[in-house]
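Coordinates in review
Each chain, letter by letter, is given below.
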Amino acid sequence: MGRAGSAVATPQRGGLAPPGYSSLDGEVPLLHAPRLEAKARDVQGYLAEGYTTLVGILSVEPPETVALLVPDEDWRDSPRENARPYPPGLPYFTRSVRPPALVLPEGLSPVFRPRTAATLPLAVWHELAHAFLLVREVVRTPAWLGEFVPQAASAAIARRSGFSLEDHLSRIEQKPGFTVRDFRGPAGARDQMSFQNLLLLLGAAALKEFGEGFLNRLFHALWEEDGIVDGERAEDLLAGALGPGGREWLASRAEF
Ligand SMILES: [Zn+2]
């Protein structure tokens, strides 16, 4: 298939992607192997949607970031923090390159569940939200709060773009045997997914109950925090961002 529109060869981003990758312009430029052109167009659409929404919700200077759509054969050569390649099929955000990059696999790992029309866009938005959060330095937080942020942000992007999550959310196992607060790593891939899915349910429910303003407050609260955030402080931050009734509402949620 021929290249259309803004697709050009990209020697200027040497080091980020193997030679020969094509580039799609956008607020988040997307580099992809030429054979992944069709998928790259879809991903580009999700990135544009996510970027616009997050800028709108967060009122913050957006991150300078690029995305790489990587075929299986190049996965080992993708930029990353560690020497060893990451497990295939798991998207991630890395600051090991300039500008920082969202690294997206050609196909999501089978651990991504449920599989619906929302699975890929949610995964893309999740990593994009990490990029937005790391526009400023963020102190350490419990894993549940650190991952709640991108999960709730993904749900907010879906909501604003009129992308229904109903089918996706209805397929999530609601009682995996732990709550987000008592989930402990290291865990297997299945439990990790259940953990993320609980956070997605919690995020979607919070948006329904409180509207998206809490996300803006939560991002800003995390940026302003300068000590280590322990479990208790994390709950305070989230309850405070949710606003009046937030603490009681959290206590009433099975996921929490
Ligand atoms: Zn994450």
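Residues numbered from 1 in each chain as written. Predicted model: local features only at pLDDT ≥ 70, side-chain atom pairs only at ≥ 80, totals over all residues. Heavy atoms only, no water.

Considering the packing of helix H2 (residues 119-133) against helix H6 (residues 213-224)
Where H2 contacts H6, the two axes come as close as 11 Å, and the packing angle between them is 45 degrees. Here H2 is positioned oblique relative to H6, judged by the angle of their axes. Only Phe 219, Leu 222 and Trp 223 of H6 make contact with H2, whose side of the interface consists of Ala 129, Phe 132 and Leu 133. (Axes fitted to C-alpha atoms, helices over the stretch in contact; angles between N-to-C directions. Helix = DSSP H or I, 4+ residues; strand = E, 2+ residues; numbered from the N terminus. Parallel < 35°, antiparallel > 145°, perpendicular 65-115°, else oblique. Contact = heavy atoms within 4.5 Å.)

Thoughts on the environment of Phe 178
On the secondary structure map, Phe 178 appears in the loop between helix H4 (166-170) and helix H5 (189-210). In this structure the C-alpha to C-alpha distance between Phe 178 and Ala 205, which are 27 residues apart in sequence, comes to 18 Å. If we ignore the near neighbours within four places in the chain, the residues touching Phe 178 are Phe 183, Asp 191, Ser 194, Phe 195 and Leu 198.

So, the layout of surface pockets
The space that makes up the largest pocket amounts to roughly 910 Å³. Lining the largest pocket are 37 residues; nearest its centre among them are His 126, Glu 127, Glu 147, Gln 192 and Gln 196. Tallying contributions element by element places H5 first for the lining of the largest pocket, with seven residues. Each residue belonging to the lining of the largest pocket can be placed in one class, and the counts come to 20 nonpolar, ten polar and seven charged. (1 Å grid on protein atoms, 1.4 Å probe; cavity = no way out; pocket = protein on both sides within 12 Å on 5 of 7 lines; lining within 4 Å. Points joined across faces, edges and corners; volume = space filled by probe spheres on them. Nonpolar A, V, L, I, M, F, W, Y, C, P; charged D, E, K, R; others polar.)

So, the packing of H6 against helix H7 (residues 231-242)
Interaxial distance between H6 and H7 falls to 8 Å at its minimum, and their mutual angle equals 145 degrees. Both H6 and H7 take part in a crossing whose hand is right-handed. Of the residues in H7, those touching H6 at Phe 214, Arg 217, Leu 218, Ala 221 and Leu 222 are Leu 237, Leu 238, Ala 241 and Leu 242. Across the contact of H6 with H7, the residue classes tally to eight nonpolar, no polar and one charged. (Left-handed = near helix turned anticlockwise from the far one by under 90°.)

Let's talk about the pattern of salt bridges
Under the counting rule described, the total for this entry stands at eleven salt bridges. Among the salt bridges present, the one from Glu 106 reaches Arg 35, with a minimum N-O distance of 3.0 Å. With a gap of 71 residues between them, Glu 106 in the loop between strand S6 (101-105) and H2 and Arg 35 in the loop between strand S3 (30-32) and helix H1 (37-58) connect regions that are remote in the sequence. Owing to a relative accessible area of 19%, Glu 106 belongs among the buried residues under this scheme. (Salt bridge = Lys/Arg side-chain N within 4 Å of Asp/Glu carboxyl O. Buried < 20%, exposed > 50% of the residue type's maximum accessible area, 1.4 Å probe, protein only.)

Purely geometric numbers; function is a separate question.
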